[in-house]
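Survey of secondary and tertiary structure
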There are 2 protein chains.
Amino acid sequence: MPEIRHALSIKRADDFAQWYQAVVSEAQLAEESGVRGCMVIKPWGYGIWERIQRLLDDRIKAKGHENCYFPLLIPLANFEREAEHVEGFAKEMAVVTHHRLIADGKGGLIPDPEAKLEEPLVIRPTSETIIGDAMARWIQSWRDLPLLTNQWANVMRWEMRTRMFLRTSEFLWQEGHTAHETAEQAKAHTMTMLEVYRTCAEEDLALPVIAGEKPENERFPGAVETWSIEAMMQDGKALQAGTSHYLGTNFAKASGIQFQDREGSQQFCHTTSWGVSTRMIGGVIMTHGDDDGLRVPPRIAPWQVVILPMLRDKPEDAELLDYCEGLRATIAGRHALGEPVRVLLDTKPGKAAAKRWDWVRKGAPVIIEVGARDMENGVVSLLRRDALWDVETGKPAFQSPTREVAGQTIGGLLGDIQHALFTEATERRDANIVRDISDMDGLRAFYSGDAQFPGWVEVQWSKPTGAALDKVVEQLKELKLTIRNVPMDGPAADGPCIFTGDPAVERIYVAKAY
Amino acid sequence: MPEIRHALSIKRADDFAQWYQAVVSEAQLAEESGVRGCMVIKPWGYGIWERIQRLLDDRIKAKGHENCYFPLLIPLANFEREAEHVEGFAKEMAVVTHHRLIADGKGGLIPDPEAKLEEPLVIRPTSETIIGDAMARWIQSWRDLPLLTNQWANVMRWEMRTRMFLRTSEFLWQEGHTAHETAEQAKAHTMTMLEVYRTCAEEDLALPVIAGEKPENERFPGAVETWSIEAMMQDGKALQAGTSHYLGTNFAKASGIQFQDREGSQQFCHTTSWGVSTRMIGGVIMTHGDDDGLRVPPRIAPWQVVILPMLRDKPEDAELLDYCEGLRATIAGRHALGEPVRVLLDTKPGKAAAKRWDWVRKGAPVIIEVGARDMENGVVSLLRRDALWDVETGKPAFQSPTREVAGQTIGGLLGDIQHALFTEATERRDANIVRDISDMDGLRAFYSGDAQFPGWVEVQWSKPTGAALDKVVEQLKELKLTIRNVPMDGPAADGPCIFTGDPAVERIYVAKAY
């Protein structure tokens, strides 16, 4: 079979990390900004984020949440209060100390010593404490509950080693914060939002995920329970794609979030918080990308169909453009996956072949080229990005439907592509979960074996806590492994704990992780 | 006629500034955050912003722009470069100097002296320079032009005196930045975006605005031309609601934004920038608010219709809720102003009357109350927020359509309300523009006269520049007046300049302003 000449110069199998950077760059998703740890999200990358935002926001609102906006800057006192309550307090944060610049007399600018803030302010690493303050003001009685709040915002955590989308100092996210009358209601809401994340990941981003509870050592500092959705990347590593926390009354006590209950006495609220971020785009890249660039699932593709007329700077171009515009209008009038199809007629200057490969690398789900001969024959040349190559010939697998058929069938085609990407990822994930390892030697052998991209191992454990858990974490750390989560719907344990030999109580996933 | 008991304790005529604060608070739009100059935007206020965003974003995208995201933090060097080029450089900015907090040993936290940044970073007051850097990277040839970029973001300018929505240290906005081959194209684009703003203000926010060019002294620093839309508030003052700038090659030269033209030689791009912000919500309040709170134009109302069942904690409630749910479902299936109607069935606990007045103060366009007797008669009690009172009785002007008629006519009703608010504001604005003042004494007399809320004066001027303009500005400043703009479609000048006595060349608006 002929060799395929892929659109990227580096393949996943060659160097997965380098391949990732190549996709981010070649698919024009993002680039370095020149500001340490902060990226510029380019139109195609930001367009994907806008789609994720729109779909997830609809899901969040459908559960009764309202969006608010809270200040970017948070007083030091809020963190001092938190630092008292929370052991794992993260201190790497951007601190604002001055409110004015002045000339230094040498052509430069410096913070004006006269304009030093009495109390420094911190750029929000999360809005937990400032939203807690607001909740304390807004909630008086049980009638004000549940309070269901969400915010879309930029946050900042000073990171030493950054990687586009996966770990950047500034990132974009949504953070939901809710307050409830009872523990049961707050716990139920924690699970409701975990399910919202699971559905969004699987139905919108075509990312198969495992929903489950994080072990004690992986809990959000101050949380009573932390739940996550975990996705497997093509290099076998896990990516935590979203978390949902039940916080008990811990944060309510720190912020004074109290209410008068139905019997008239003062109670602390039970609160939850949950968030997903631009990190999910990293998950989309490492799940759906291939050696030709990104493949964007149709539901989150800014443009689902791109039409490329093969213009030749000749008078005949006008007729060809008409022909393409007819197709564009037909497609724009169709629906796919419950929404009008997003179709672009790309008439920017440039060679048709170069533009085709640009859209291949960007991962537009369907690319339709139309040349003069296509027009004569009443057809178009259609490429499915998820099935790009004809392996027999080593050439792009163009189909040649009539223009009418291409227009009429586009909705079903996009649905098929969404489904195919999810199925492919699910099958790969399932094929890379190992369940027959029952001792540490086996685990060690598996991860030091021949497999270039070893996947996840499901093991049984006795759920040790405290110092016993620390020992387990330490053992795993030596193998660069972590416990991902305890899957919600896993089968019951039926053997010994892989770490302690005691009877196991549940099954957990261990894996290397981002 | 009986006296009306309004829903706010303070009236516009009593103290406009206090009234404004009362609306912000009583309509639950925003509140102080405890962080100096930063507000918390509450669900109803943020919901209005989300509607403005969605509608304006659609308009911006329809003109071919793509959204991006650029870093929050900007290196000092960018401002040093700008400071060289721009005289009116604003220096009040939040400066980040450290990236870590540590315990001070006394229970508090301080910026870690070990974690001082080599070069301080500034929280963006605007992204002009960092987007300029990106444009310089992205543009090589005329084929890359026009480059049409937009960003939705938070920005920060340290303000000494703040007022909710109108002037806050942190605010939300969109900033568009575009690069073009020629001056003509860039100027045309400046006007295109001014027209987008005018349309958004008038059609979406129901704010009648005057589009025109700002005088030289009011130009954005570094701009060749600055255009604005100006709205008249109910106290007669002007609010600049949006600006569009033609920047010539000034910013392209500062950032090195060059392209190879069609003849193969290197040229600097002609750039534009334009923005609107959460300030527009202040304009909505001061245009459509009344002594009962806010009146939200239907196109930007988060909920256009609120249904309030008069529940009595009795078994009959179930039937009443069914009756209301039937109405809700009917209304949700209708369209108004080109979109599905946004309708809320409000079943939160609380007394019906208290809930009604909450929604009156928030300004939901249509409030529908349904009690047991309404249900028996097959009707509902419907209140138009824009025509709240029956002046004959001094009571709320409830209508009693059948449930079926209420459902069927809702689309037209909301359209009527949108139109009525715009018409009312336009008529008030037009009635408060004075055109018969031709000398400075007249101007002085007008603004020191009996009118509580004097409006705008259209005068003719000779368009002085430089020092002569400074003198005019100084004269106006003594009267607390500013030149708003030169309206685009004003009649030609036909008399002497009010300031210099020379023959006038155009007409301008002068006014007090926010």
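In this numbering scheme, every chain counts its residues from 1 along its sequence in written order. Each chain is given a letter, starting from A, and each ligand a number, starting from 1, according to the order in which they appear as written. Per-residue local features of the predicted model are confined to residues with pLDDT of at least 70, and side-chain atom pairs are confined, for both listing and counting, to 80 or more; whole-chain, interface and lining totals are unaffected and use all residues. Values reported for side chains reflect all heavy atoms of the structure, with hydrogen atoms and water molecules removed beforehand.

Here a strand is any run of E in DSSP of at least two residues, a helix any run of H or I of at least four, and the numbering for each starts at the N terminus. A tally of regular secondary structure across chain A gives 14 helices and 29 strands. Taken against the 2.2 N^0.38 rule, which gives 24 Å for 514 residues, the C-alpha radius of gyration of chain A at 26 Å falls within 12% of a compact globule. Overall size of chain A, expressed as C-alpha extent along the three principal axes, is 80 × 65 × 55 Å. Each residue gets one of three labels from its accessible area relative to the maximum for its type: buried under 20%, exposed over 50%, partly exposed in between, using a 1.4 Å probe on protein chains only. The buried share of chain A, taken over its 514 residues, is 60%. In this analysis, two residues are considered to be in contact whenever any of their non-hydrogen atoms come within 4.5 Å of each other. Looking at chain A alone, contacts between residues at least 24 apart form 70% of all its contacts between residues at least 6 apart. Accessibility throughout is a Shrake-Rupley quantity obtained with a 1.4 Å probe, and a residue counts as covered only by protein chains that appear here. Accessible surface for chain A amounts to roughly 20,900 Å². Of this, 48% is attributable to carbon and sulfur atoms. Counting 59 positive and 75 negative side-chain charges, chain A places the averaged centre of each group 3 Å from the other. Put simply, the radius of gyration uses C-alpha atoms, and a globule should come to 2.2 Å times the residue count raised to 0.38. In this tally, Lys and Arg are treated as positive and Asp and Glu as negative; His is ignored, and so are the chain termini. By convention, the point assigned to a charge is CZ for Arg, NZ for Lys, CD for Glu and CG for Asp.

Here the focus is helix H7 (residues 279–288) of chain B. Judged by how many residues are buried, H7(B) sits mostly within the fold: 10 of 10 residues are covered. When H7(B) is considered as a whole, its buried residues turn out to be Arg279(B), Met280(B), Ile281(B), Gly282(B), Gly283(B), Val284(B), Ile285(B), Met286(B), Thr287(B) and His288(B).

Here we take up the packing of aromatic side chains. Aromatic rings from Phe, Tyr and Trp, taking only the six-membered ring of Trp, are treated as a pair when their centres fall within 6.5 Å; an angle between ring planes under 30 degrees marks them as stacked, one over 60 as edge-to-face, and anything in between as tilted. Tallied over the entire structure, the rule returns 26 aromatic pairs over all chains. When the ring of Trp461(A) is compared with that of Phe499(A), the centres are 6.4 Å apart and the planes differ by 80 degrees; the resulting orientation is edge-to-face. On the criterion of sequence distance, the pair formed by Trp461(A) in strand S26 (residues 456–461) and Phe499(A) in the loop between strand S28 (486–487) and strand S29 (506–511) is long-range, its members being 38 residues apart. When sorted by exposure, Trp461(A) lands in the same class as Phe499(A), which is buried. An aromatic cluster is built from Phe16(A), Trp19(A) and Phe453(A), whose rings are joined through pairwise contacts. The ring of Trp142(B) has Arg262(B) lying over it, and the distance from NZ or CZ to the ring centre is 4.0 Å. Positioned above the aromatic ring of Trp359(B), the side-chain terminus of Lys362(B) is 4.3 Å from the ring centre. Only when the NZ of Lys or the CZ of Arg is both within 6 Å of the ring centre and within 35 degrees of the ring normal is a charge said to sit over the ring.

To continue, consider the interface of chain A and chain B. Counting residues at the interface gives 63 residues for chain A and 63 residues for chain B. Taking both sides of the interface into account, the surface hidden between chain A and chain B amounts to around 5,600 Å²; carbon and sulfur atoms contribute 63%. Contact with chain B buries area across many residues of chain A, yet Tyr69(A), Leu101(A) and Leu109(A) alone supply 13% of it, more than any other trio. A pairing counts as a salt bridge when a side-chain nitrogen of Lys or Arg comes within 4 Å of a carboxyl oxygen of Asp or Glu. Our count for the contact surface shared by chain A and chain B stands at 6 salt bridges. Here Arg100(A) ties to Glu92(B) by a salt bridge, and the two come within 2.5 Å at their closest N and O atoms. By buried area we mean the combined loss of accessible area, with a 1.4 Å probe, across both parts when two parts are placed together.

We now examine the pattern of salt bridges. Per the counting criterion, the structure on display carries 68 salt bridges over all chains. As a salt-bridge pair, Glu203(B) and Arg59(B) come within 3.2 Å of each other at their nearest N and O atoms. With Glu203(B) in helix H5 (residues 183–204) and Arg59(B) in helix H2 (residues 43–62), this pair connects stretches of sequence that are 144 residues apart. Salt-bridge contacts for Asp386(B) lead to Arg384(B); the nearest nitrogen and oxygen are separated by 2.8 Å. Exposure class is identical for Asp386(B) and Arg384(B). Each is buried. Several salt bridges converge on common partners, so that one network encompasses Asp290(A), Arg295(A), Arg385(A), Glu424(A) and Arg428(A).

All names here are of chain B. Two strands are counted as paired when DSSP detects at least two bridges linking them. Strands sit in the order S25-S26-S29-S27 across an open sheet of 4 strands; the sheet is mixed. Pairing within the sheet leaves two strands with one partner each, and these edge strands are strand S25 (433–434) and strand S27 (482–483). Relative to strand S29 (residues 506–511), S27 runs antiparallel, the two being bridged by 2 bridges. Counterpart to threonine 482 in the pairing with S29 is alanine 511.

Looking now at the pairing of strand S11 (residues 209–213) of chain B. Residue and element names in this part refer to chain B. Counting buried positions along S11 yields 5 of 5 residues, so the element is predominantly enclosed. Because side chains alternate across S11, one face comprises the buried residues Val209, Ala211 and Glu213, and the other comprises Ile210 and Gly212, equally buried. Bridge count between S11 and strand S12 (residues 225–232): 5 bridges; the pairing is antiparallel. Within the sheet, the bridge partner assigned to glutamate 213 lies in S12 and is tryptophan 227. In this sheet, strand S28 (residues 486–487) lies alongside S11 in antiparallel orientation, the contact comprising 2 bridges. What sits directly across from glycine 212, in S28, is proline 487.

Bringing the sheet that holds strand S27 (residues 482–483) of chain A into the picture now. All names here are of chain A. In space, the 4 strands of this open sheet follow the order S25-S26-S29-S27, with mixed pairing throughout. Edge positions in the open sheet fall to strand S25 (433–434) and S27, since each of these has one partner strand only. Most of the contacts of helix H13 (residues 440–447) go to S26, to which it runs at about 170 degrees, and overall it touches S25, S26 and S29. Axis definition: a line fit to C-alpha positions, over the contact stretch in the case of helices; interaxial angles, taken between N-to-C directions, run 0 to 180 degrees.

Residue and element names in this part refer to chain A. Grid spacing is 1 Å over the protein atoms alone, the probe is 1.4 Å, and a cavity is where that probe fits but cannot get out, while a pocket is an open set with protein on both sides within 12 Å along at least five of seven lines and lining residues have an atom within 4 Å of a point. Grid points are joined across faces, edges and corners, and a volume is the space filled by probe spheres set on the points. Counted by the stated rule, this structure contains 5 cavities of 30 Å³ or more. The space that makes up the largest cavity amounts to roughly 90 Å³. Taken together, Glu128, Ile131, Gly132, Met135, His177, Thr178, Leu247, Phe251, Ser255, Ile257, Thr271 and Thr272 make up the lining of the largest cavity. When residues of the lining of the largest cavity are traced back to their parent elements, those giving at least two are helix H4 (128–138), strand S10 (170–180), helix H6 (250–255) and strand S16 (270–277). Broken down by element, the lining of the largest cavity gets its largest block of residues, 4 residues, from H4. Under the scheme applied here, ten amino acids are nonpolar (Ala, Val, Leu, Ile, Met, Phe, Trp, Tyr, Cys and Pro), four are charged (Asp, Glu, Lys and Arg), and all others, including Gly, are polar. Looking at the lining of the largest cavity residue by residue, the class counts come to 5 nonpolar, 6 polar and 1 charged.

Let's shift gears to the relation of the copies chain A and chain B. The transform that puts chain A on chain B rotates by 180 degrees and translates by 0.0 Å along the axis, for an RMSD of 0.0 Å. The transformation relating the two chain copies, once decomposed into turn and shift, fits a two-fold axis. Minimal C-alpha distance to the rotation axis in chain A is attained by Val96(A), lying at 2.1 Å. A high fraction, 100%, of the interface residues of chain A reappear at the interface in chain B, so the copies pair face to face through one surface. Only residues with pLDDT of at least 70 in both copies contribute their C-alpha atoms to the least-squares superposition of the copies.

Quick look at the environment of Pro365(B) now. Residue and element names in this part refer to chain B. Within the element layout of this structure, proline 365 appears in the loop between helix H9 (352–362) and strand S21 (366–370). Here proline 365 falls in the buried class, since its relative accessible area comes to 2%. Each C-alpha atom of the pair proline 365 and glycine 107 lies 51 Å from the other, and the pair is 258 residues apart in sequence. The residues touching proline 365, leaving out its near neighbours within four places in the chain, are Val296, Pro298, Ala301, Trp303, Gln304, Leu383, Arg384, Arg385, Leu414 and Ile417.

All names here are of chain B. For the pair helix H8 (residues 317–332) and helix H11 (residues 403–431), the least separation of the axes is 8 Å and the interaxial angle reads 25 degrees. Taken together, H8 and H11 sit at an angle that is classed as roughly parallel. Handedness of the H8/H11 crossing: right-handed. Listed contacts from H11 to Asp322, Tyr323, Gly326, Leu327, Thr330 and Ile331 of H8 are Arg403, Ala406, Gly407 and Ile410. Considered class by class, the residues forming the contact of H8 with H11 number 5 nonpolar, 3 polar and 2 charged. Here is the rule for angles: anything less than 35 degrees is roughly parallel, anything more than 145 is roughly antiparallel, 65 through 115 is roughly perpendicular, and the remaining ranges are oblique. Helix crossings are classified by the rotation of the near helix relative to the far one: an anticlockwise turn of less than a right angle makes the crossing left-handed, while a clockwise turn makes it right-handed.

Okay, the side chain of Asp346(A) next. Residue and element names in this part refer to chain A. Turning to its location among the elements, aspartate 346 is positioned in the loop between strand S20 (343–345) and helix H9 (352–362). Exposure remark for aspartate 346: the relative accessible area of 9% places this residue in the buried category. By the criterion applied in these results, polar contacts are pairs of N or O atoms within 3.5 Å in which, for protein atoms, one can donate a hydrogen and the other can accept it, and in which residues neighboring in sequence qualify only through two side-chain atoms. Among the polar contacts made by the side chain of aspartate 346, one reaches the main-chain amide nitrogen of lysine 348 at a distance of 3.0 Å. Once residues within four sequence positions are removed from consideration, aspartate 346 is found in contact with Val306, Ile307, Leu308, Pro309, Lys355 and Trp359.

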